Amino acid sequence: MQVSYEGNVQGVGFRWSVRNIAKGFDVTGSVRNLPDGRVELLAAGAQDEVRAFLDAIVESELRSHIRKQSETPLTDHPPFRGFEIRHD
């Protein structure tokens, strides 16, 4: 799943918090800041596990920073190893 978060999501520990939440789920992927101020999350795993992970993000303290969340299913994704914060 590819998810874009809009709102006050950069400079507030958003990526670090997402990576921490990911540790509680059997998901792989990455999270990174985008130049336009959004944060992009890529998550792979069993559909129910990815959904539970995304729900946990919205139910966490991060919800106050999220104004809009857009989801797009990943049809082909790079092979992830673990869950990382990307700096590209």
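The structure presented is a predicted model; accordingly, all values stated were derived computationally and were not measured.

Participant: Account for the nonpolar core, naming residues and giving values.
Facilitator: Residues Y5, F14, V18, L41, F53, L54 and I57 are the most contacted members of the largest nonpolar core, which totals 21 residues. Within the residue set of this core, elements represented by two or more residues are β1 (2-7), α1 (14-22), β3 (39-44), α2 (47-59) and β5 (83-85). Per-element accounting of this core gives the leading share, five residues, to α2. Apart from the residues lying within four places of it in its own chain, the contact partners of Y5 are F14, R38, V39, L41, L54, I57, I66, K68 and Q69.

Participant: Explain the packing of α1 against α2 residue by residue, including any values.
Facilitator: Contact pair α1 / α2: the axes reach a minimum separation of 10 Å and the direction vectors enclose 135 degrees. The orientation of α1 relative to α2 falls into the category oblique. The chirality of how α1 crosses α2 is right-handed. Across the interface between the two elements, V18, I21 and A22 of α1 pack against F53, A56 and I57 of α2. By residue class, the composition of the contact of α1 with α2 is six nonpolar, no polar and no charged.

Participant: Tell me about the confidence of the model for the protein, and please be specific about residues and values.
Facilitator: Scored by pLDDT, the protein comes out at a mean of 94, with 98% of its residues at no less than 70. Taken element by element, the protein is modelled with least confidence in β5, mean pLDDT 95, and with most confidence in β1, mean pLDDT 98.

Participant: Requested: an account of the sheet that holds β3, with residues and values cited.
Facilitator: If you walk across this open sheet you meet the five strands as β4-β1-β3-β2-β5, and the pairing is mixed. What marks the edges here is a single partner per strand, and that holds for β4 (66-72) and β5. Here the strands of the sheet are splayed against their neighbours by 15 degrees on average, with no regard to which way each runs. With six bridges connecting them, strand β2 (residues 28-33) and β3 associate as antiparallel partners. In the strand pairing of β3, R32 is matched with E40. In this fold α1 packs onto β1, β2, β3, β4 and β5, with an angle of close to 170 degrees to the strand it touches most, β5.

Rules behind the numbers
Residues numbered from 1 in each chain as written. Predicted model: local features only at pLDDT ≥ 70, side-chain atom pairs only at ≥ 80, totals over all residues. Heavy atoms only, no water. Core = buried A, V, L, I, M, F, W, Y, C linked by side-chain atoms within 4.5 Å. Buried < 20%, exposed > 50% of the residue type's maximum accessible area, 1.4 Å probe, protein only. Helix = DSSP H or I, 4+ residues; strand = E, 2+ residues; numbered from the N terminus. Contact = heavy atoms within 4.5 Å. Axes fitted to C-alpha atoms, helices over the stretch in contact; angles between N-to-C directions. Parallel < 35°, antiparallel > 145°, perpendicular 65-115°, else oblique. Left-handed = near helix turned anticlockwise from the far one by under 90°. Nonpolar A, V, L, I, M, F, W, Y, C, P; charged D, E, K, R; others polar. pLDDT = per-residue confidence, 0-100. Pairing = 2+ DSSP bridges.

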